[in-house]
Amino acid sequence: MSIQEHVNQVKANIAAAAQAAGRDPEEITLCAATKVQTDDTIRAAIAAGITVCGENRVQELTAHLAADAYRGAQVHFIGHLQTNKVKQVVGKVDLIHSVDSERLLRAIDAQAAKQDLVQDILLEVNIAGEESKGGCTPEEARQLAQLTRELEHVRLRGLMAIPPISPEPGANRPFFAAMRQLFVDIKANMGDNQCNMDCLSMGMSGDYPDAIAEGATLVRVGTALFGPRPPMHKG
Ligand SMILES: *Cc1c(COP(=O)(O)O)cnc(C)c1O
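These numbers come from a predicted model, not from an experiment. (Residues numbered from 1 in each chain as written. Predicted model: local features only at pLDDT ≥ 70, side-chain atom pairs only at ≥ 80, totals over all residues. Heavy atoms only, no water.)

**As for the domain arrangement of the protein chain**
Domain annotation of the protein chain identifies domain 1 (1-78) and domain 2 (79-215). Distance between the C-alpha centres of domain 1 and domain 2: 19 Å. Summing both sides of the interface, domain 1 and domain 2 together bury roughly 1500 Å²; the carbon and sulfur share of this comes to 65%. If you sort the residues of domain 1 by the area they bury against domain 2, Val-58, Phe-77 and Ile-78 come out on top, with a joint share of 37%. In this assembly, domain 1 and domain 2 are joined by zero salt bridges. Viewed at the interface, domain 2 and domain 1 are joined by six residue pairs in polar contact (both at pLDDT 80 or more). Counting only elements with at least two residues in the side of domain 1 that touches domain 2, the list comes to helix 1 (3-20), helix 3 (58-66) and strand 3 (74-77). For the side of domain 1 that touches domain 2, the leading source of residues is helix 1, giving five residues. Class assignment of the residues belonging to the side of domain 1 that touches domain 2 gives a composition of 12 nonpolar, five polar and two charged. (Domains from an automatic or database assignment. Buried area = accessible area lost by both parts, 1.4 Å probe. Salt bridge = Lys/Arg side-chain N within 4 Å of Asp/Glu carboxyl O. Polar contact = N/O pair within 3.5 Å; in protein donor to acceptor, adjacent residues only side chain to side chain. Helix = DSSP H or I, 4+ residues; strand = E, 2+ residues; numbered from the N terminus. Nonpolar A, V, L, I, M, F, W, Y, C, P; charged D, E, K, R; others polar.)

Have a look at this one:
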């Protein structure tokens, strides 16, 4: 299948999952997870209708930006972000999905202040409590959300989660449902900043229909669009 056929298929699956859940398919954004893809593959995906690219390594982001590979699409940073690399990401992407500590949040705010801009961010929550994974606890997310209200150069747009790679269909639904509840709770406590919270980023190739059933507004899909990645890549 061509990239165009994959994009059409994934979009059709998104629409079907939305309709089954009584939701408007227009509420759901498809973000193409472009790690390890070439500039030309990214351009082909955008030509096939991809409007958001999600990058998860700073080095690849920088190279694709230099090549102007994302022209015509938004760029999101979806991978783990080290504090010492915020300079290469802040102001260069439309949304950072992976803010999971006060230190990182403050570093992004400081860098955005230097550039005189406001950086849109999501808080990444380790919703399954997996030891080896990034993301903060739900309680930390509540605290970080409140902290964003004091920081003038970040705007909290929502939450993101990467539950376990699920061996069985439906296995991650409780995690997605828990994320949805946390999203609603945090949003309710955001006061005047509530209206900015419009993004719940969850669901990947193996489980995006389930994520949509539980309220995802953005799904991050790689393999189902581009085919399998080389096995040894450290993502
Ligand atoms: C790679 C990646 C995805 C997409 O994974 P697939 O299983 O290939 O769809 C989604 N989110 C993040 C953060 C990723 O790194």
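**Digging into helix 5 (residues 138-148)**
The periodicity of an α-helix, 3.6 residues per turn, causes residues three or four positions apart to be oriented the same way. Along helix 5, the positions that sit buried rather than exposed are Ala-141, Leu-144, Ala-145, Leu-147 and Thr-148. Here the buried residues of helix 5 occupy an arc of 160° about the axis, which is enough to place them on one side. The inward-facing, buried residues of helix 5 abut helix 4 (102-114), strand 5 (119-125), strand 6 (154-161) and helix 6 (173-188). (Buried < 20%, exposed > 50% of the residue type's maximum accessible area, 1.4 Å probe, protein only. Arc of directions from axis to C-beta. Contact = heavy atoms within 4.5 Å.)

**Considerations on the pairing of strand 1 (residues 29-33)**
Of all five residues in strand 1, four are buried; the element is thus mostly enclosed. Two elements, strand 1 and strand 8 (residues 218-221), share four bridges in a ladder whose sense is parallel. Counterpart to Leu-30 in the pairing with strand 8 is Val-219. Both strand 1 and strand 2 (residues 52-55) contribute to a ladder of three bridges, which runs parallel. Within strand 2, the residue paired with Cys-31 across the bridge is Val-52. (Pairing = 2+ DSSP bridges.)

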